[in-house]
Amino acid sequence: MEASDPAGLLAEPSGAVVQPKGRHLSALIGGKVFAYTRGADLVLKLPSARIDELESEGVGTRLVMGKRRMSEWAVVPARDPADWLRPLLAEAAAFVATSR
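It should be emphasised that the depicted structure is a prediction, and the values quoted were computed from it without experimental measurement. (Residues numbered from 1 in each chain as written. Predicted model: local features only at pLDDT ≥ 70, side-chain atom pairs only at ≥ 80, totals over all residues. Heavy atoms only, no water.)

**Q** Teacher, can you tell me more about the packing of aromatic side chains here?
**A** The relation between two aromatic rings is expressed through the spacing of the ring centres and the mutual angle of the planes. Here the structure, examined in full by the defined rule, presents one aromatic pair. Ring geometry for Tyr-36 and Trp-73: centres 5.8 Å apart, planes at 55°, overall tilted. Here Trp-73 lies in strand 6 (residues 68-77) and Tyr-36 lies in strand 3 (residues 32-38), a separation of 37 residues in the sequence. With respect to class, Tyr-36 is no different from Trp-73; both count as buried. (Phe/Tyr/Trp six-rings, centres within 6.5 Å; stacked < 30°, edge-to-face > 60°. Helix = DSSP H or I, 4+ residues; strand = E, 2+ residues; numbered from the N terminus. Buried < 20%, exposed > 50% of the residue type's maximum accessible area, 1.4 Å probe, protein only.)

**Q** Quick question: what am I supposed to make of the side chain of Arg-62 here?
**A** Counting through the fold element by element, Arg-62 comes out in strand 5 (residues 61-65). At 3.4 Å, the side chain of Arg-62 and the side chain of Ser-48 are in polar contact. A polar side-chain atom of Arg-62 sits 2.6 Å from the main-chain carbonyl oxygen of Ser-71. The residues touching Arg-62, leaving out its near neighbours within four places in the chain, are Ser-48, Ile-51, Asp-52, Glu-55, Arg-69, Met-70, Ser-71, Glu-72, Trp-73 and Ala-74. (Polar contact = N/O pair within 3.5 Å; in protein donor to acceptor, adjacent residues only side chain to side chain. Contact = heavy atoms within 4.5 Å.)

Printed below as a string of structure tokens:
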């Protein structure tokens, strides 16, 4: 799948379920959200240290909601080809699957 097909991309991790939520699509694993679309971007739930790495590499940024920087949510551009996104989606799904 390509980033131009966000539903297909979000559904790739094993066990993922994609649901529409308002104006975006959410990907869930075990009933918990691990990723969602936000305009032309993907928002992924990842460990804070991993988001620090993505920011230092210039690949993504920490999600800001209002004035609050979210500690475990990263925003990454959903651009084609989507090959570079697949490992991040798998990381996010695994992180959420093993979280309480």
